[in-house]
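# Commentary on secondary and tertiary structure
Spelled out, the chains give:
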Amino acid sequence: MKWTRIVAIAFLLFVCVACLLANFIAPASYARQFRDEPNASPSRQHLLGTDDLGRDRFSRVLYGTRVSLLLAPAAALLSSLLAAFVGGIAGFAGGWVDRCVMAATDLFLSLPWLFLLITVRALLPLNVSPIISVLITFAMLGCLGWAGAARIICADARAFAQSDFILLARASGSDGFRLLWRHLVPNLKPVLYAQFWISVPVFILTEANLGILGLGVAEPLPSWGSLLRELEGFSTLSGQRWQLVPLILFILVVSCFHLVLTKEELPV
Amino acid sequence: MKKRLAGFILLTLVALGPNGLLAQSGGELHFCLRSEPKTLNPLLAADDASETIRYLTGGVLVRVNRLTQDVEPGIASSWKISNGGKTITFDLRDGLRFSDGTPFSADDVAFTMQQLMDPALHSPTGDAFRSSDGKVATEVLPKNRIRITFPAPIAGLDRLFDQVAIMSSKSPQKEMAVLGPYYIWENKAGAYLTLKRNPNYWEKDPAGRPLPYIDSVRLDIQQNRDIETLRLTRGEIHFINSLDAEYFDKIAAQDPSMAHDAGPSLDSEEMWFNQVASSPLPPYKKQWFASTNFRRAISEAINREDMARIVFHGHARPAVGAVSPANKFWFNAKLQAHPFDQKSALQRLSEDGFHMQDGVLHDHEGHAVEFSVITNAGNKYRERMATMIQQDLSGIGIKLNVVTLDFPSLIERITRTYDYEACLLGLVNDELDPNAQMTIWLSSAESHQWNPSQKTPATAWEAEIDKLMRAQAATLELKKRKEDFDKVQEIAWQEEPFIYLVNKNALSAVSPALHNAHPVVLRPQVYWNIDQLSLTSEVAGNR
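Report on the accompanying structure. (Residues numbered from 1 in each chain as written. Chains lettered and ligands numbered in written order. Predicted model: local features only at pLDDT ≥ 70, side-chain atom pairs only at ≥ 80, totals over all residues. Heavy atoms only, no water.)

### A closer look at the sheet that holds strand β5 (residues 87-92) of chain B
All names here are of chain B.
- The strand order across the open sheet formed by four strands is β4-β5-β7-β6, and the pairing between neighbours is antiparallel. The sheet is open, and its two edges are formed by β4 (76-82) and β6 (137-141), each paired on a single side. Taken over all neighbouring pairs, the strand axes of this sheet differ in orientation by 15° on average, direction set aside.
- Judged from the five bridges that link them, β6 and strand β7 (residues 145-149) form a sheet pairing that is antiparallel. Within β7, the residue paired with Thr 138 across the bridge is Ile 148.
- Running at roughly 20° to β7, helix α3 (residues 106-116) makes contact with β5, β6 and β7 of the sheet. (Pairing = 2+ DSSP bridges. Helix = DSSP H or I, 4+ residues; strand = E, 2+ residues; numbered from the N terminus. Axes fitted to C-alpha atoms, helices over the stretch in contact; angles between N-to-C directions. Contact = heavy atoms within 4.5 Å.)

Below is the structure:
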């Protein structure tokens, strides 16, 4: 199984490098509308053809991948840190703190995510640039996506808090913060990594869902969500199979994240 | 002998003509509803599905011919408007019966009007008749006549009765007893409705044969456009109304004879700026949006031809104004769509003190010109239009932020909080008469979107529109009404409180198995002449 992880990592690196170099690789701006060539077939000028508005699809795939692939891990990092903070404190403190925090987490988990995201987005100021809107979207995803991970981390932290090595550390005079920072957090790292890698594809999918609903990244900035919206209505696809490229790339990237995750899930 | 028989049959068929042949078609017409009807009570119909059922089953006193746009006799053989537009007298046809056999009389019309105007019923159809406070009086006259008197004059009064399906006052089946071509036979909630041919339908074809030709209609509830299109191409349904441009092109590519483009519809797509004085916008933006030059400049900077060609695949026309050219009588033919002219746009802006600085437009106080346009999420046509406007406006140094919102949030902003700068939406229009637009043009109206519910008109041109709209509504003289409403259109064209973008074409697809279908721009497009439609004998036989 080792070679599959290597291939997955290599593929992710390749995709990351390609999208980071989008400014140099992309033949046109992602926003430029070639209005004489809407829905064009692949050509030397437009490797993946053009979209409904005549925008170069290859350029949009590159920039869209950059947006989704860089910001989804950022959102995953934010949610993992929030989960570590909430779950770690609750599990380590135990007692009524644990019960109260986990009750609040359960309440948070019971909220309908999608509607919450739609509501929060509707309350945001209107006059923000597409870049800011994408940052806000992913920040919201990060801020709203911590609860599930927090429960898992809390359970682990609770188990560690009652373990022998923590008891020993307490007996040797370690105070609360030192116990948390030097003994608990290092032991929580594997589960934190796992939660991080699980969150990345989840956030990519969530952004794609929002994009399909038209509530994701603002035009003209592309993201995987907005690129996948082109696939609405299967009957329109029969003549333009190259429209499937973003979907294939999306499936490959999400699959690769899961292959990478397998390694992180292994006990250290 | 055989040759003689064949010759006789041929002569008979020729003599009968196409309708004669098809009159024997029978069979079952199949098409889809996008949602379940919210009500089967014709007086409460407000959604598309309910209105479809009402159109297919309801017998009306007069019918607006969707092809000619003229009012034609229905259950009433003639009618007369008098008393300055307050009274209408109908001569009813004799010997009619409801679908269940209950005899029809003037009492049924009186009963329907009483129900329609009952405030407790909240009939959307009845709202059109509520010109002012006071009761509607009905008087049953001898010789099967009825006189209906309203408390105030109603312009275009006879046309309004196209929407009023007459109900029986005596039938135990209540609203299920109908005078229209079909009656409801089966209603499987969420799945389908079946309508059967009304054996007592009053109308006959020129050869004296009873109408409608088709025995039954099955309406499947189907939201998915892909499945609906697939079913049409498989021959499982016989037509699709109100097609999107993409699906239309898809069907046209498979079989051009099925695709029907009836030309510009009454519907329009438009954009407007928030001009509400109390809105939470900064004063300098309020000043931009209140300026006619600014609005005209934005309008001229938008390439409507490109929009129609790219977003609607050529199945739309640049919009001229408040009235579509499809509205044959009321459209002001003197007006033309605003041309795409960015030089002229910049010239207009410079008159208001705007200037370019490093490729960015600034106002006289030095603010960079940037604003947002909101539209409803999920409507890809509007999102594409907004994105095209974004690029067009960047050509004159304006930064436009496109914001898609879920519909309730959007409505909240444009009707309650007024926390928006510009909005892009469409107007679905079914009514030809300008009175239907009173709620949009009167400055005091809630649907006067750019600045609703004004106590007094905020501008001189809005005061003028108020005056003209009231004047046209107060007279029955058609020429005068037309003159007044032409002026309203001219003012709206000049001031552009709404920047009209395109009129979408009325697109439909009709199976070759369906005969005598002539899709038109007015709803219900394909089946407006439902009683004249017929199926080929093969299809009818198979069914």
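### Looking at helix α7 (residues 147-161) of chain A
Residues and elements named next belong to chain A.
- Here α7 contains 15 residues, and its C-alpha end-to-end distance of 20 Å stays within 8% of the 21 Å for a straight helix at 1.5 Å per residue.
- Residues of α7 that are buried include every one of Ala 147, Ala 149, Ala 150, Ile 153, Cys 154, Ala 157 and Ala 161, and no others. Projection of α7 onto a plane perpendicular to its axis shows the buried side chains occupying an angular sector of 135°, all on one side. (Expected span 1.5 Å × (residues − 1). Buried < 20%, exposed > 50% of the residue type's maximum accessible area, 1.4 Å probe, protein only. Arc of directions from axis to C-beta.)

### Examining the pattern of salt bridges
Residues and elements named next belong to chain B.
- This model, assessed by the stated rule, comprises 38 salt bridges over all chains.
- Two residues, Asp 205 and Arg 209, come together in a salt bridge whose shortest N-O distance is 3.3 Å.
- Of the charged contacts in the structure, one is a salt bridge between Arg 413 and Asp 419, with a shortest N-O distance of 3.3 Å. (Salt bridge = Lys/Arg side-chain N within 4 Å of Asp/Glu carboxyl O.)

### Here we look at the interface of chain A and chain B
- Taken together, the contact pairs 33 residues of chain A with 38 residues of chain B.
- Buried area between chain A and chain B, summed over both chains or domains, comes out near 2,700 Å², and the portion from carbon and sulfur atoms is 47%.
- The largest share of the area that chain A buries against chain B comes from Arg35(A), Leu126(A) and Asn127(A), three residues that together contribute 29% of it.
- Viewed at the interface, chain B and chain A are joined by three salt bridges. (Buried area = accessible area lost by both parts, 1.4 Å probe.)

### A word on the side chain of Asp51(A)
Residue and element names in this part refer to chain A.
- Structurally, the position occupied by Asp 51 is in the loop between α2 (22-25) and α3 (57-93).
- Residue Asp 51 is classed as buried on the basis of its relative accessible area of 5%.
- Setting aside residues up to four positions removed in sequence, Asp 51 forms contacts with Pro 38, Asn 39, Arg 57, Arg 60 and Glu 230.

### Description of helix α6 (residues 225-233) of chain B
All names here are of chain B.
- Those residues of α6 not exposed but buried are Arg 225, Asp 226, Glu 228, Thr 229, Arg 231 and Leu 232.
- Those residues of α6 that are buried lie in contact with β1 (28-33), β10 (216-221), β11 (239-240), α7 (245-254) and β19 (498-510).
- Capping of α6 at its N-terminal end is provided by Asn 224; its side-chain oxygen lies 2.7 Å from the backbone amide nitrogen of Asp 226.
- Looking at the residues trailing α6, positive phi occurs at Gly 235, about 85°. (Polar contact = N/O pair within 3.5 Å; in protein donor to acceptor, adjacent residues only side chain to side chain.)

### With respect to the environment of Arg309(B)
- You can see Arg309(B) is positioned in helix α10 (residues 304-310).
- If we skip the residues at most four places from it in the chain, Arg309(B) touches Arg35(A), Asp36(A) and Gly314(B).

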